[in-house]
Amino acid sequence: MSAPAFGLLLDVDGPIASPVSRRVAVESIGRDLALMANAGIPVIFNTGRSDAFIAEQVVPVLRAAGLEPATPVYTVSEKGAVWAEVSPEGLGEVSVDAELKLPDALSEDVRELVAERFSELMFFDETKRAMVSVEQHVHVPSERYLRAQEEFDAAVPALLKKHGLEEVRIDPTIISTDVEHQRLGKDLGASRSLELLAERDIHPQAWYTMGDSRTDYAMADWLHEQGHTVRHVDVRPADGVPETEYPVLVSETGAIHDEAGAEFLHRWAASL
């Protein structure tokens, strides 16, 4: 089997799914992803999202776009803690790294905290298997959510102390907060992704990574450190593009989020 010309490691919120609607809103995204996957290009969703989100929001789009069986498509969810193969029928067997799973008792306390103080602005994500997450309600203005998020984040350390949890961090995004084992991250997701491909003897000649936050650079950092050729796409460069030892690409049209993601996916699909 010849090595694919490139592989894709893709954050989901922002580059693929709209951070506003939380759905794959740009029609060309599913079409171009399916086209590349059907041509043998590995497509891996390296995301903080749950496997359930991928199954509900991404798989139907790929199926409708004509994704074929046995293509090299995977989700590495919850920043490396959960993974599964993706097919037109849905997800294969879902694996969870038990060492990275936070205790159920913490989940119960965070669920109660949200219900008592924040339920009008955010919800507890019941689909997470390893981390503990809350997310902004779609109808809530960003400004209101972000103010409440600061208060929520400030309340979590007391719960971590209550349960004697030390190797845990609080990771806020523009629409959510993840409480997670400190080993989780896009670098772990990248490592897990290459292990999954190696099991099928798939070794891309180069990589494109894509994300909307500074933490997403970790997957490109890891690939570069391991000797892989990589280019990273930043679809929200307003946070500032750091100096890197690999190329960083941004939209030439000024597009951001999924509009920018769609531009690059279409370019890569057209190159095949």
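Notes on the structure follow.

About the thresholds
- Residues numbered from 1 in each chain as written.
- Predicted model: local features only at pLDDT ≥ 70, side-chain atom pairs only at ≥ 80, totals over all residues.
- Heavy atoms only, no water.
- Helix = DSSP H or I, 4+ residues; strand = E, 2+ residues; numbered from the N terminus.
- Buried < 20%, exposed > 50% of the residue type's maximum accessible area, 1.4 Å probe, protein only.
- Pairing = 2+ DSSP bridges.
- Axes fitted to C-alpha atoms, helices over the stretch in contact; angles between N-to-C directions.
- Contact = heavy atoms within 4.5 Å.
- Salt bridge = Lys/Arg side-chain N within 4 Å of Asp/Glu carboxyl O.
- 1 Å grid on protein atoms, 1.4 Å probe; cavity = no way out; pocket = protein on both sides within 12 Å on 5 of 7 lines; lining within 4 Å.
- Points joined across faces, edges and corners; volume = space filled by probe spheres on them.
- Nonpolar A, V, L, I, M, F, W, Y, C, P; charged D, E, K, R; others polar.
- Expected span 1.5 Å × (residues − 1).
- Parallel < 35°, antiparallel > 145°, perpendicular 65-115°, else oblique.
- Left-handed = near helix turned anticlockwise from the far one by under 90°.
- Patch = residues over 30% accessible without salt bridge, like charges linked within 9 Å, V, L, I, M, F, W, Y side chains within 5 Å.
- Areas by Shrake-Rupley, 256 points an atom, 1.4 Å probe, with all protein chains shown as cover.
- Lys, Arg positive; Asp, Glu negative; His and termini not counted.
- Charge placed at Lys NZ, Arg CZ, Asp CG, Glu CD.

### Examining unusual backbone geometry
Then comes step 1: A positive phi is found at Arg22, a non-glycine position, where the angle reads about 65°.
Then comes step 2: Mapped onto the fold, Arg22 is located in the loop between strand S1 (7-10) and helix H1 (27-38).
Then comes step 3: Given a relative accessible area of 6%, Arg22 falls into the buried group.
Then comes step 4: The backbone phi angle of Lys79 is positive, close to 55°, even though this residue is not glycine.
Then comes step 5: Looking at where Lys79 falls in the secondary structure, it is placed in the loop between strand S3 (73-77) and strand S4 (82-87).

### A closer look at the sheet that holds strand S10 (residues 176-181)
Strand-to-strand pairing in sheets goes through backbone hydrogen bonds, with the strands running parallel or antiparallel.
Then comes step 1: Spatially, S7-S8-S10-S9 is the arrangement adopted by the four strands of the open sheet, whose pairing is antiparallel. Each edge of the open sheet is held by one strand with a lone partner, namely strand S7 (122-124) and strand S9 (168-172). Going across the sheet, the axis of each strand differs from the next one's by a mean of 20°, ignoring polarity.
Then comes step 2: The strands touched by helix H3 (residues 104-118) are S7, strand S8 (132-136) and S10; relative to S7, the strand with the most contacts, the crossing angle is about 155°.
Then comes step 3: Each of S7, S8, S9 and S10 is contacted by helix H4 (residues 142-162), which is oriented at about 25° to S10, the strand it contacts most.

### What to know about the pattern of salt bridges
Then comes step 1: Following the criterion strictly, the structure yields 21 salt bridges and no others.
Then comes step 2: One salt bridge connects Asp178 with Lys79, and the closest N-O pair in it is separated by 3.1 Å. Within this pair, whereas Asp178 is found in strand S10, its partner Lys79 is found in the loop between S3 and S4, the two being separated by 99 residues in sequence.
Then comes step 3: Residue classification places Asp178 among the buried positions, given a relative accessible area of 5%.
Then comes step 4: Assessed through its relative accessible area of 7%, Lys79 is described here as buried.
Then comes step 5: With a closest N to O distance of 2.8 Å, Lys79 and Glu180 form a salt bridge. A residue pair is termed long-range when its members are at least 10 positions apart, and Lys79 in the loop between S3 and S4 and Glu180 in strand S10 qualify at 101 residues.
Then comes step 6: Residue classification places Glu180 among the buried residues on the basis of a relative accessible area of 1%.
Then comes step 7: The network of salt bridges with shared partners includes Lys79, Asp125, Lys128, Arg169, Asp171, Asp178 and Glu180.

### A few points about the layout of surface pockets
Then comes step 1: Reported here for the largest pocket is a volume of approximately 510 Å³.
Then comes step 2: What lines the largest pocket is a set of 32 residues, and nearest its centre among them are Lys79, Asp171, Thr173, Asp178 and Ser213.
Then comes step 3: Sorting the residues of the lining of the largest pocket by element identifies S8, S9, S10 and helix H5 (186-198) as the ones contributing at least two each.
Then comes step 4: When grouped by side-chain class, the residues that make up the lining of the largest pocket number seven nonpolar, eight polar and 17 charged.

### A few points about the environment of Ser2
Then comes step 1: Inspection of the secondary structure puts Ser2 in the segment before S1.
Then comes step 2: Once the C-alpha coordinates of Ser2 and Val82 are considered, the two residues, 80 residues apart in sequence, prove to be 29 Å apart.

### Describing the side chain of Thr71
Then comes step 1: Inspection of the secondary structure puts Thr71 in the loop between helix H2 (51-64) and S3.
Then comes step 2: Overall, Thr71 belongs to the buried group, its relative accessible area being 5%.
Then comes step 3: Other than its neighbours up to four places away in sequence, Thr71 contacts Ala37, Asn38, Glu85, Val86 and Arg200.

### A short note on H1
Think of an α-helix as turning once every 3.6 residues; residues three or four places apart then point the same way.
Then comes step 1: In this model H1 runs 17 Å from its N-terminal to its C-terminal C-alpha over twelve residues, within 8% of the 16 Å that 1.5 Å per residue would give.
Then comes step 2: Among all positions in H1, only Ser28, Ile29, Gly30, Asp32, Leu33, Ala34, Met36 and Ala37 are buried.
Then comes step 3: Trailing H1 by a residue or two, Gly40 shows a phi angle of about 95°, which is positive.

### Thoughts on the packing of H5 against helix H6 (residues 217-225)
Then comes step 1: Direction vectors running N to C along H5 and H6 enclose 55°, while the axes themselves pass 7 Å from each other. If you check the angle between H5 and H6, you find them oblique. Crossing of H5 against H6: the hand is right-handed. On the side of H5, the interface is formed by Lys186, Asp187, Ala190, Ser191 and Leu194, while H6 contributes Ala218, Met219, Trp222 and Leu223.
Then comes step 2: Its residues assigned to classes, the contact of H5 with H6 shows six nonpolar, one polar and two charged.

### Considering a negative patch on the surface
Then comes step 1: A surface patch of like charges, here negative, comprises Asp187, Asp221, Glu225 and Glu245.
Then comes step 2: In this structure, Glu225 sits in helix H6.
Then comes step 3: A relative accessible area of 61% places Glu225 in the exposed class.

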